[in-house]
Amino acid sequence: LIDTVEGMMGTVPIELAARTSDTTALKNLFVHLPDAFHLQENHWGPYLWDRVGYCIVPFNAGAMEHATNIAFMQLYLNQLSSDCETTMAHELSHHWFGDLVTCEDASEMWLNEGWASYNENTFVEALYGEEAYKNYTRENHEYVLHKAHEDDETYLPVSGVPSEQTYGTTVYKKGADVIHTLRWYMGDSLFFNCVKGYLDFYKFQHVNTADLRDYLSQCSGFNLNDYFNDWIYAPGFPHFSVQYFTAEQNGNVIDVNVNLRQRLNHAPHFYNNVPLTISYFDAAHNRIDERISMSGECMQHHTSFNNFVPVYVVVDFDEQVQDAITDEWKWIDAIGTYNFGTAKMNVQVTNAPDSALLRVEHNWIPADVMRNPIEGLHLHDYRYWTIDGIFPTGFSANATITYNGSAAENLDNTFFTNNEDSLTLMYRAAQDSDWVRADSFTLNKQGSATNKTGQITIYNIKKGEYSMAIWNHSLPLATSPREACEQTVGINEAKAEKLFIYPNPANDKLTVQYSNANFTEAEIYDLTGRVLIQQKIASLYGSVTLNVGDLAQGAYLVLLKDQQGNTGSKIFIKN
């Protein structure tokens, strides 16, 4: 098949080669090749090669981006036809990312493959619209959170991958995932213009991640060191949430205070200077957005509004930052079943007297442990749900969640330490509330109490958080570290004492100074709440030294406590 396309540098021939029996499918499935060409020239600059070529080959190993003559798997024309267009756009984009500018070594392969994968997203966006882009990006993000560490056998940063994972899920799919976040950091105009400039500046050269970071920082005027340190050079993800908010009348204005919280999914440190959007909704569904910058574990944000009373406050409503959450929201004005696919919940609306805003989050981090632990009861170690939004009077709905603890499934396999007879469901209204057994739910074990697969139906869902829990008296009692944010679970905040620690970061020894002479015990937790070190405090010298040399690099919490429940805590970094 022979054709041409008018490029920025003139007419470019298109040559598509296939067996006679495949030419009809090839023509039909490549109908948007010119659209992909124009889109990528517009985003990344002129096409500098002398033709566009695809050769359909009879192998089952994907595609290969030879400049001007892409080897393209024959299976994409039939069995995998749903992926044909996006793979076509992916391979074409390598004429910019990989052929025009390439990574200097295999450990930086995300500079080729992550960016080519993200071009699938922008192709979908240009051809099918913003909502299609959001869905494509959301589904990719869910796969990364669920499967990347399984596919690659560990949690990896996208830059500096071992040779065994050069062509792994982290490089391709997480690479695309974090580029979506970079686009939000920079904004569309600077993102596209600066990446175009980077490709032109380094054309026909090899580069590393630092070259990209420094060029984009210089071009945009933004210091992108924190972005690259957090999202590119480190594994894992952050998790952002509104811990609680207050709205109070103050004269003619409404004063609003929002407490934000950051937690971690296999990341070594809290992220810094993350641009987040706080969205405020009133009862009439009006919305106001504010952009803030968050660093560290917690943050208090204050604002004021005239004639606007927020009833629902949420962070990152539009999924601009790819954190450890997959969420979906819907406006609901009729009874029926609504699938919140990547949030992993089906909702059956039983009464909808007025329009409701329903948002479901699937949180890819462990549920907070109980502030008043129950012997033998353990909340989920991997995930939980948040339900929130604007519910009009009379709104009612049930919800169904699916669990799978089979050996082949990682969502619940570490959680199930007993059979399904020991499974229950817990609920809390907010992060400053304790967990209680959910009011009304049924457990469908689907014919077996030992295969660890089934469903839970929650009746008359409420705003708040839901977590599966399991009874197992052979496991140690779960305990909670003190959180630095206000009104967190598990600690007597009113009597908490501040500590002074040094050195921070620490190598082998960590010294903690305090004024409470009654402290009797020191503990060190990782950021999932596991107690790693316990040490009795026998002296009254106002300090204690802890041996932290055996800890891995990362962030930890040191907690001191006395017999009356008074505490002091501090985050430190282990080198």
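Quick note: structure is the one above.
All values derive from a computational prediction rather than experimental measurement. (Residues numbered from 1 in each chain as written. Predicted model: local features only at pLDDT ≥ 70, side-chain atom pairs only at ≥ 80, totals over all residues. Heavy atoms only, no water.)

## Regarding the overall build of the protein chain
Secondary structure assignment for the protein chain yields nine helices and 32 strands. A globule of 575 residues ought to have a C-alpha radius of gyration of about 25 Å, and the protein chain, at 26 Å, matches this closely. Of the roughly 24,100 Å² of accessible surface on the protein chain, a fraction of 48% belongs to carbon and sulfur atoms. Put simply, the protein chain has 36 plus and 71 minus side-chain charges, and the middle of one group is 6 Å from the middle of the other. (Helix = DSSP H or I, 4+ residues; strand = E, 2+ residues; numbered from the N terminus. Rg over C-alpha atoms; globule rule 2.2 N^0.38 Å. Areas by Shrake-Rupley, 256 points an atom, 1.4 Å probe, with all protein chains shown as cover. Lys, Arg positive; Asp, Glu negative; His and termini not counted. Charge placed at Lys NZ, Arg CZ, Asp CG, Glu CD.)

## A few points about the nonpolar core
Counting residues in hydrophobic clusters, the biggest one holds 104 residues, and the most contacted among them are Phe30, Tyr54, Trp110, Trp115, Phe191 and Tyr198. Here this core takes eight residues from helix α6 (residues 169-186), the largest share from any one element. Formed by 31 residues, the second largest nonpolar core is a distinct cluster that contains Ile332, Ala343, Ala352 and Ala356. (Core = buried A, V, L, I, M, F, W, Y, C linked by side-chain atoms within 4.5 Å. Buried < 20%, exposed > 50% of the residue type's maximum accessible area, 1.4 Å probe, protein only.)

## Quick word on the packing of aromatic side chains
Applying the stated rule across the entire model yields 35 aromatic pairs. A ring pair is formed by Tyr227 and Phe228, whose centres lie 5.1 Å apart and whose planes are at 85°; its orientation type is edge-to-face. Summarising the burial analysis for this pair, Tyr227 and Phe228 share the class buried. With 4.9 Å between their ring centres and 70° between their planes, Tyr280 and Phe305 make a pair best called edge-to-face. Of this pair, Tyr280 sits in strand β10 (residues 274-282) while Phe305 is found in strand β12 (residues 298-306), placing the two residues 25 residues apart along the sequence. Judged by relative accessible area, Phe305 falls into the buried class, the value being 7%. The ring of Phe237 has Lys174 lying over it, and the distance from NZ or CZ to the ring centre is 4.5 Å. Taking the ring centre of Tyr133 as reference, the NZ or CZ of Arg183 above it sits at 5.3 Å. (Phe/Tyr/Trp six-rings, centres within 6.5 Å; stacked < 30°, edge-to-face > 60°. Lys NZ or Arg CZ within 6 Å of the ring centre and 35° of its normal.)

## Some thoughts on helix α8 (residues 209-220)
Here α8 is twelve residues long and its end C-alpha atoms lie 16 Å apart, about the 16 Å a rise of 1.5 Å per residue gives. Buried within α8 we find Thr209, Leu212, Arg213, Tyr215, Leu216, Ser217 and Ser220. Looking at the packing, one finds that the buried side of α8 touches α4 (110-128), α6, α7 (188-201) and α9 (225-232). At the N-terminal end of α8, a side-chain oxygen is found 3.1 Å from the backbone nitrogen of Ala210, two or three residues along, and the residue is Asn208. Positioned one or two residues after α8, Gly221 has a phi angle of 80°, which is positive. (Expected span 1.5 Å × (residues − 1). Contact = heavy atoms within 4.5 Å. Polar contact = N/O pair within 3.5 Å; in protein donor to acceptor, adjacent residues only side chain to side chain.)

## A word on the sheet that holds strand β29 (residues 531-536)
Two modes of strand pairing occur in sheets, parallel and antiparallel, and in both the strands are linked by backbone hydrogen bonds. The strand order across the open sheet formed by four strands is β29-β28-β31-β32, and the pairing between neighbours is antiparallel. In this open sheet, the two edge strands, each paired with only one partner strand, are β29 and β32 (567-574). Across the sheet, the mean angle from the axis of one strand to that of its neighbour is 20°, orientation sign disregarded. Note that strand β28 (residues 521-525) and strand β31 (residues 554-561) share five bridges and pair antiparallel. Note on β31: the bridge partner recorded for Glu523 is Leu559. (Pairing = 2+ DSSP bridges. Axes fitted to C-alpha atoms, helices over the stretch in contact; angles between N-to-C directions.)

## Some details on the state of the cysteines
One pass over the full model with this rule turns up one disulfide. Each disulfide pairs two cysteine sulfurs, and for Cys194 the partner residue is Cys219, the sulfurs being separated by 2.1 Å. Because the sign of the S-S torsion sets the handedness, a value of about -85° for the bond joining Cys194 and Cys219 places this disulfide among the left-handed ones. Placement of Cys194 in helix α7 and of Cys219 in helix α8 is noted, with a sequence separation of 25 residues between them. A disulfide-free cysteine, Cys84 has its sulfur positioned 14 Å from the sulfur of Cys55, the nearest such atom. (Disulfide = S-S within 2.5 Å.)

## A few points about the packing of α6 against α9
Interhelical geometry of α6 versus α9 gives an angle of 160° and a closest axis separation of 11 Å. In terms of axis orientation, α6 runs roughly antiparallel to α9. Relative to α9, the crossing made by α6 is right-handed. Facing α6, whose interface residues are Val178, Ile179, Thr181, Leu182 and Tyr185, α9 presents Tyr227, Trp231 and Ile232. (Parallel < 35°, antiparallel > 145°, perpendicular 65-115°, else oblique. Left-handed = near helix turned anticlockwise from the far one by under 90°.)

## Remarks on the sheet that holds strand β9 (residues 253-265)
Pairing is antiparallel in the open sheet, where three strands are placed in the order β8-β9-β12. Each end of this open sheet is capped by a strand with a single partner; those strands are β8 (237-250) and β12. Across the sheet, the mean angle from the axis of one strand to that of its neighbour is 20°, orientation sign disregarded. Pairing of β8 with β9, which is carried by 13 bridges, proceeds in the antiparallel orientation. Note that in β9 the partner of Asn250 across the bridge is Val253.

## Digging into unusual backbone geometry
Each neighbour pair has its own omega, and for Asn504 with Pro505 the value is 10°, a cis peptide bond. Even without being a glycine, Asn273 presents a positive backbone phi close to 55°. Examined against the element boundaries, Asn273 turns out to sit in the loop between β9 and β10.

## Structural notes on the side chain of His90
Summarising the element assignment, His90 is placed in helix α3 (residues 84-93). For His90, a relative accessible area of 5% gives the class buried. Of the polar contacts made by the side chain of His90, one reaches the side chain of Glu113; its length is 3.1 Å. What His90 contacts, discounting residues up to four positions off in sequence, is Glu113, Ala116, Ser117, Glu120 and Tyr172.

## Some remarks on helix α2 (residues 33-44)
For the α-helix, the turn length of 3.6 residues means that residues three or four positions removed from each other point alike. Along its twelve residues, α2 runs 16 Å from first to last C-alpha, staying within 8% of the 16 Å computed at 1.5 Å per residue. Among the residues of α2, those classed as buried are Leu33, Ala36, Phe37, Leu39, Gln40, Glu41, His43 and Trp44. On its buried side, α2 packs onto β1 (2-7), β2 (10-17), β3 (52-57), α3, α4 and α7. In the segment just after α2, Gly45 is the residue with positive phi, at about 105°.

## Overview of the side chain of Glu142
Mapping Glu142 onto the fold places it in helix α5 (residues 130-151). Residue contacts for Glu142: discarding those within four places in its chain leaves Thr326, Thr342, Lys344 and Trp364.

Distances and angles like these do not, on their own, reveal function.
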